[in-house]
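# Secondary and tertiary structure notes
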Amino acid sequence: MKPVDLTTQLGGITLRNPIITSSGTYGFGEEYLAYCPLEALGGITLKGITPLPRLGNPVPRLAETPAGLLNAVGLENPGLEEFLKSYLPKLSKIPTAVIANISGFSLDDYACMARALKKGSGITALEVNISCPNVKHGGMHFGTDPKSAQEVMAAVKAETDLPIIAKLSPNVTDIVEMARAVQRGGADVLSLINTLLGMSIDLNSQRPVLANTFGGLSGPAIRPVAVRMVWQVAEAVDLPIIGMGGITSWQDAVEFLLAGATAVSIGTGNFYNPQAPLDVVEGIRNYCEQRGYSSVQELVGLAHRG
Amino acid sequence: MLSQGLVVSHEQLGNTDQKLRRLVLQGPAAQTAQAGQFVTVQVQDSARASFDPLLRRPISIAEISPERDEITLLYRIKGRGTEILAQARCGDSLSIMGPLGNGFSLPEEGELWLVAGGIGIFPLFALAQRALSQGLKVRLFWGGECKSFMESAGLASWKELEIKTSLSTLDGSLGEKGLVTEPLHSALTQIKPADSKPEANEVRVSVAACGPKGMMQSVTELCQRFDVPIEVSLEERMGCAVGACLGCVCTLKDKAGRLIHKKVCLDGPIFRGEEVVWNETC
């Protein structure tokens, strides 16, 4: 029997397999090296960067909830200049696709970062974060208003020759409307979902657990919401989707592929099991073998068939 | 490193009401572990995957025995995670990440003074053993709530080390009544009278502290007053434990006096006392 073909086409780039790691959970590619060889992955998505350095929110930044994790890191990052100087040179040596994640507070912010990140810079694709829930007036404003979302994508598209990925917020009434808007703006790929806005209150102090009061919920608790949104967008929009939200196992990943995701991304699942991406790759390969699929791409959207 | 730790011993420490446990794990983590480092333990109530709790529990390493491939973790049952962990039985296998973090540094000569508040004593035991094996003189200052706590939290093991020890309890049921900073202050005064100039024959003391934040702040201030180097072990809610998620940052002051963030899991948990910013965040 021929080995299963795991290669994945995503907005003009070819990934070794459909397994990516999610922005904000995987640092800048070095943190998990002792646990997961990067050449085993389809790609990694870097911690989100902004034009200027940010210290982020005060602690506590994390609150654990049943099968979930609330975070309010607040986009702590070294800023574009430091990223270009200290991080980018190392990235071209990483043996997998490297997706940079950019956030901003204005169209100019997004445009200036897109200008600095082009083909040949060591970056494979640009993920545009229009959905960070933890920063006041931050990304999420762009991610909940279709017109703003479209404008951001158009501003980025005009400045870079890299494929652009729009990361969508689930904190909207109609995810399909947002997907259509970023498609009009020029997005090549969609990634969904970002975290769901939530909060947790401490019964001893009778105060919110997070210093930021609200945080983004991730982990297995949000998976059914994410699968539903991937399904809805896959039905309506003809763009490849990176599905994410609560993936910890190959079964979870296959569910997203069947719902219509072309690739999947693992975020909080890495905290639970730092070798989850390796297990997912192997599990998908076995699933395809056992079911007689020659390529993983045959699974994409299968659950939609009449 | 991700490895399996075989539970070779898991027992209650001292009195039931103290809710303390001693867990000995056999596995490769013992080969490289340093005093002050920690591991994260996946807590599961059965062999089947459970996502509540989702995160691994960071626990400091209290004893390191590379020749037996064993590390000892001491912990207090405090919430859902440690309640489930307490169910682990001999022969069970636990998923372990680590050893993680940087560990305490050992002075090359002189005396190492350990200052502990409450269960902050736990990671200092490995440090004491290590320092004694290297021929350093070690002294302990340990403050806790009451005699029952101190005896439960391993006082007998410390006595076996035969080091000079100053105990204090809040209720006065053991040692001096009051805070651990008081005997530390007297001891510092004895080695360095306030108005004296440093002399060649002065005892060179380094301090390692672990305990509640307020206590470590006071100990740091004392040490700075007496010009004694101090390392503290910080704690913060952790996500990934490898420096990727930025959940557990602490605020430090850099050389230029600017406030910066460091990751407790990766850059710490041990920091020089004077670089820690205790009352401000940025």
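Residues numbered from 1 in each chain as written. Chains lettered and ligands numbered in written order. Predicted model: local features only at pLDDT ≥ 70, side-chain atom pairs only at ≥ 80, totals over all residues. Heavy atoms only, no water.

Time to look at the sheet that holds strand β5 (residues 70-76) of chain B. Either a parallel or an antiparallel arrangement is found when strands of a sheet pair, and the pairing is made through backbone hydrogen bonds. All names here are of chain B. Reading around the circumference, β1-β2-β5-β4-β3-β6 is the order of the six strands in this closed barrel, with antiparallel pairing throughout. Strand-to-strand twist of the sheet, defined as the mean angle between neighbouring strand axes without regard to direction, takes the value 45°. Bridge count for strand β3 (residues 38-41) against strand β6 (residues 93-100) is three bridges, and the pairing is antiparallel. By the bridge assignment for β6, F38 is matched with L100. Where helix α3 (residues 122-133) meets the sheet, its contacts fall on β2 (20-26), β4 (57-65) and β5, and the angle it forms with β4 comes to roughly 25°. (Pairing = 2+ DSSP bridges. Helix = DSSP H or I, 4+ residues; strand = E, 2+ residues; numbered from the N terminus. Axes fitted to C-alpha atoms, helices over the stretch in contact; angles between N-to-C directions. Contact = heavy atoms within 4.5 Å.)

A few words on the UniProt feature "binding site: [2Fe-2S] cluster" (unreviewed entry) in chain B. Per the UniProt annotation, the sites labelled "binding site: [2Fe-2S] cluster" (unreviewed entry) are C240(B), C245(B), C248(B) and C265(B). In terms of the greatest pairwise C-alpha distance, the residues named above, spread along 26 residues, form a tight cluster of at most 10.2 Å across. Among the residues just listed, C245(B) line the largest cavity. Here C245(B) lies in the loop between β12 (230-233) and β13 (249-253). In contact with C245(B), not counting residues within four places along its chain, are G24(A), V73(A), F271(A), G239(B) and C240(B). In this structure C265(B) comes out as buried when scored by relative accessible area, which is 3%. (UniProt positions renumbered as here; feature names shortened; annotations may be inferred. 1 Å grid on protein atoms, 1.4 Å probe; cavity = no way out; pocket = protein on both sides within 12 Å on 5 of 7 lines; lining within 4 Å. Buried < 20%, exposed > 50% of the residue type's maximum accessible area, 1.4 Å probe, protein only.)

All right, on to the sheet that holds strand β7 (residues 111-117) of chain B then. All names here are of chain B. The strand order β10-β9-β8-β7-β11-β12-β15 describes an open sheet built from seven strands, whose pairing is mixed. The sheet is open, and its two edges are formed by β10 (176-177) and β15 (270-272), each paired on a single side. Here α3 sits on the sheet in contact with β7, β8 (137-144) and β11 (205-210), set at roughly 170° to β7. Those strands touched by helix α6 (residues 181-191) are β7, β8, β9 (164-169), β10 and β11, and its axis lies near 160° from that of β7.

Moving on, we get to the UniProt feature "binding site: FMN" (unreviewed entry) in chain A. All names here are of chain A. On the UniProt side, "binding site: FMN" (unreviewed entry) is annotated at positions that read S23, K47, G48, N101, N129, K167, I193, G219, G245, G246, G267 and T268 here. Among the residues just listed, S23, K47, G48, N101, N129, K167, I193, G219, G245, G246, G267 and T268 line the largest cavity. Position of S23 relative to the elements: it lies in the loop between β3 (19-21) and β4 (43-45). The exposure class assigned to S23 is buried, which follows from its relative accessible area of 17%. In this structure S23 touches T45, L46, K47, G48, N101 and E127, once residues within four positions along its chain are discounted. In this fold, G246 is placed in the loop between β15 (241-244) and α7 (250-259).

Take the layout of surface pockets next. As a volume, the second largest pocket reaches approximately 760 Å³. If you trace the second largest pocket, you find 31 residues lining it, with F28(A), P78(A), Y87(A), L246(B) and K263(B) closest to the centre. Take the lining of the second largest pocket: its biggest share by element is five residues, from helix α1 (residues 80-91) of chain A. In terms of residue class, the lining of the second largest pocket is built from 15 nonpolar, six polar and ten charged. (Points joined across faces, edges and corners; volume = space filled by probe spheres on them. Nonpolar A, V, L, I, M, F, W, Y, C, P; charged D, E, K, R; others polar.)

On to empty space enclosed by the protein. All names here are of chain A. On inspection of all chains with the given rule, the structure shows four cavities of 30 Å³ or more. The volume enclosed by the largest cavity comes to roughly 500 Å³. Lining the largest cavity are 34 residues, with S23, G24, N71, N194 and T195 sitting closest to its centre. At the level of elements, β6 (68-71) and β16 (263-266) are the ones that each hand at least two residues to the lining of the largest cavity. Split into classes, the residues belonging to the lining of the largest cavity amount to 13 nonpolar, 19 polar and two charged. What the second largest cavity holds in volume is close to 50 Å³.

Further remarks concern the interface of chain B and chain A. Taken together, the contacts link 32 residues of chain B with 34 residues of chain A. Buried surface at the junction of chain B and chain A, summed over both partners, amounts to about 2700 Å²; 63% is from carbon and sulfur atoms. For the chain B face of the interface with chain A, the top three residues by lost area are F51(B), L54(B) and R237(B), together amounting to 23%. Summed over the shared surface of chain B and chain A, the result is one salt bridge. At the boundary of chain B and chain A, one finds twelve residue pairs in polar contact (both at pLDDT 80 or more). Take the side of chain B that touches chain A: its biggest share by element is three residues, from β6(B). When the residues that make up the side of chain B that touches chain A are grouped by side-chain class, the tally is 18 nonpolar, nine polar and five charged. (Buried area = accessible area lost by both parts, 1.4 Å probe. Salt bridge = Lys/Arg side-chain N within 4 Å of Asp/Glu carboxyl O. Polar contact = N/O pair within 3.5 Å; in protein donor to acceptor, adjacent residues only side chain to side chain.)

All names here are of chain A. Here the structure, examined in full by the defined rule, presents 20 salt bridges over all chains. The partner of K147 in a salt bridge is E151, with the nearest N and O atoms 3.1 Å apart. Here the residue K147 and the residue E151 both occupy positions in helix α4 (residues 146-157), the gap between them amounting to four residues, near one helical turn. Using a relative accessible area of 57% as the deciding quantity, one classes K147 as exposed. In this structure, a network of salt bridges that share partners links the residues R223, D252 and E255.

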